[in-house]
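# Close look at the chain arrangement
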Amino acid sequence: MLEEIQPRPKILIIYTGGTIGMIENPTTKALQPFDFSHLIDNVPKINLLDYDIDNIQFNPPIDSANMAPSHWSDIAAAIEDNYDKFDGFVVLHGTDTMAFSASALSFMLENLHKPVIITGSQLPIGEVRTDGEENLITALQVAAACDPSGEPMVQEVAILFENYLWRGNRSTKMSADNFNAFKSNNYPALAKIGLGIHFNEESLYRMPTKRPLKVRYNMDPNVMFLDLNPGITESTLRYLLNVPDIKGIVLRTFGAGNAPTDDWFTRAIRDAVERGIVIMNVTQCVNGGVNNKMYDTGNCLTRAGVISGRDITSEAAITKMMYLFGMGLPSESVKKYLTYSLCGEVTI
Ligand code: ASP
């Protein structure tokens with residue numbers, strides 16, 4: 001019997017910058033982004049993978065603290081332009097804002113059916129103890145993985161870091177030090193990386209119906225976080241709620257979505273909602289979510305017109321608002337879609 005010849009997986013690496021590709025400036029000793037050839041030269045093992053690999057790089061590569069919606073558009077455009085030519089995409093990205101980019105891309109790449117695997121590292125790839133080499137190789141393998149019917153195993157934006165594959169819009173950077181730097185606190189891992197890559201098939205995202213990729217480039221930056229602290233004053237709160245041009249606010253509250261019940265607080269929030277500002281309640285806790293029926297302190301916010309973010313991450317909440325306002329939707333529609341799960345970002 002003739003053995004079926006499997007085509008070599010075609011993977012596009014999009015290198016945006018971050019520690020993974022940095023080298024030490026000999027004079028200042030600070031880490032600076034370096035170019036892609038340096039990065040690949042340091043991972044000769046890539047040649048052992050029987051893949052067709054091509055790359056695109058940001059010029060210049062950036063520290064992810066400088067990532068902005070225009071960069072997300074550049075990544076999305078690189079994916080859209082090459083969508084039919086490649087089986088999967090690996091995005092090399094700094095860790096600092098990786099969870100924001102992963103969340104943003106999950107919304108921007110509507111109807112995504114191929115893997116977009118984002119990775120980076122805590123130590124530059126040229127360092128002896130680097131985690132970058134393993135992360136890059138595993139990300140390539142995840143991007144090339146198919147199920148028995150030949151469909152991509154991962155059909156969403158995901159973050160690969162050290163021992164786990166996480167859903168992009170459920171992830172948060174948890175450590176500035178550990179190699180396992182990312183976690184989904186409210187969602188299971190998509191895969192556990194050990195001796196093999198063990199996919200958790202039940203947790204992988206599947207679109208109800210397969211549709212052509214549609215990229216939404218417009219992300220509205222007129223949104224912000226408002227972090228509560230005990231002792232916040234009325235004037236501070238009102239000042240922040242009146243920032244010019246702001247359309248949406250992710251209100252980061254205590255515990256299960258709780259905030260002060262003082263009249264001045266609720267009135268200030270209600271005034272902002274009546275002015276058309278969309279406010280979504282997200283917990284400051286790393287695990288669990290908003291349950292605004294649990295305490296009167298959360299109920300007050302609901303009565304003032306604040307939407308519950310349930311167990312969404314702050315990163316997904318703010319980028320979901322950017323995406324919805326970016327589509328030019330009126331506040332009422334934005335509020336409605338914020339309560340839906342658009343691509344697995346929240347538990348309904
Ligand atoms: N500052 C770096 C960045 O986010 C950190 C990293 O890559 O780990 O670009």
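Residues numbered from 1 in each chain as written. Predicted model: local features only at pLDDT ≥ 70, side-chain atom pairs only at ≥ 80, totals over all residues. Heavy atoms only, no water.

### Some remarks on the packing of helix α3 (residues 98-108) against helix α8 (residues 314-326)
For the pair α3 and α8, the least separation of the axes is 8 Å and the interaxial angle reads 40°. Between α3 and α8, the crossing angle belongs to the class labelled oblique. Classified by chirality, the crossing of α8 by α3 is right-handed. Between α3 and α8, the contacting residues are Ala-99, Phe-100, Ser-103, Ala-104, Phe-107 and Met-108 on the first element and Glu-315, Ala-316, Ile-318, Thr-319, Lys-320 and Tyr-323 on the second. Of the residues belonging to the contact of α3 with α8, the class tally is 8 nonpolar, 2 polar and 2 charged. (Axes fitted to C-alpha atoms, helices over the stretch in contact; angles between N-to-C directions. Helix = DSSP H or I, 4+ residues; strand = E, 2+ residues; numbered from the N terminus. Parallel < 35°, antiparallel > 145°, perpendicular 65-115°, else oblique. Left-handed = near helix turned anticlockwise from the far one by under 90°. Contact = heavy atoms within 4.5 Å. Nonpolar A, V, L, I, M, F, W, Y, C, P; charged D, E, K, R; others polar.)

### Digging into the pairing of strand β7 (residues 116-119)
With burial as the criterion, each face of β7 is covered, one bearing Val-116 and Ile-118 and the other bearing Ile-117 and Thr-119. Bridge analysis of β7 against strand β8 (residues 157-161) gives 3 bridges, and the strand direction is parallel. Bridging from a neighbouring strand, Val-116 pairs with Val-157 of β8. With helix α4 (residues 132-144) bridging β7 and the parallel β8, this β-α-β connection has left-handed handedness. (Buried < 20%, exposed > 50% of the residue type's maximum accessible area, 1.4 Å probe, protein only. Pairing = 2+ DSSP bridges. Right-handed = clockwise from strand over helix to strand, strands pointing away.)

### Structural notes on the site of the ligand
Taken together, the residues surrounding the ligand are Gly-18, Thr-19, Asp-63, Ser-64, Gly-94, Thr-95, Asp-96 and Ser-121. In this structure, Asp-96 approaches the ligand through a side-chain N or O atom, which is 2.8 Å from a nitrogen atom. Its free accessible area being 260 Å², the ligand has 89% of it covered by the protein chains. (Near = heavy atom within 4 Å. Polar contact = N/O pair within 3.5 Å; in protein donor to acceptor, adjacent residues only side chain to side chain. Areas by Shrake-Rupley, 256 points an atom, 1.4 Å probe, with all protein chains shown as cover.)

### Concerning the sheet that holds strand β18 (residues 307-308)
Taken together, the 4 strands give an open sheet; going across it, the order is β15-β16-β17-β18, and neighbouring strands pair in parallel fashion. One side of each edge strand has no neighbouring strand; the edge strands of this open sheet are β15 (223-227) and β18. Inspection of the sheet shows strand β16 (residues 248-253) paired to strand β17 (residues 278-283) by 6 bridges, in the parallel sense. Bridge pairing in β17 places Ile-249 opposite Ile-279. Against the sheet, helix α9 (residues 331-338) engages β17 and β18, with an angle of about 20° to β17.

### A look at the sheet that holds β7
Hydrogen bonds along the backbone pair up the strands of a sheet, which may run parallel or antiparallel. In space, the 8 strands of this open sheet follow the order β4-β1-β5-β7-β8-β9-β12-β13, with mixed pairing throughout. The open sheet has two free edges, formed respectively by β4 (52-62) and β13 (197-199), since each of these has just one partner strand. The sheet shows a mean angle of 20° between the axes of neighbouring strands, direction not considered. Alignment of β8 against strand β9 (residues 164-167), held across 4 bridges, turns out to be antiparallel.

Coordinates in, geometry out; function isn't part of it.
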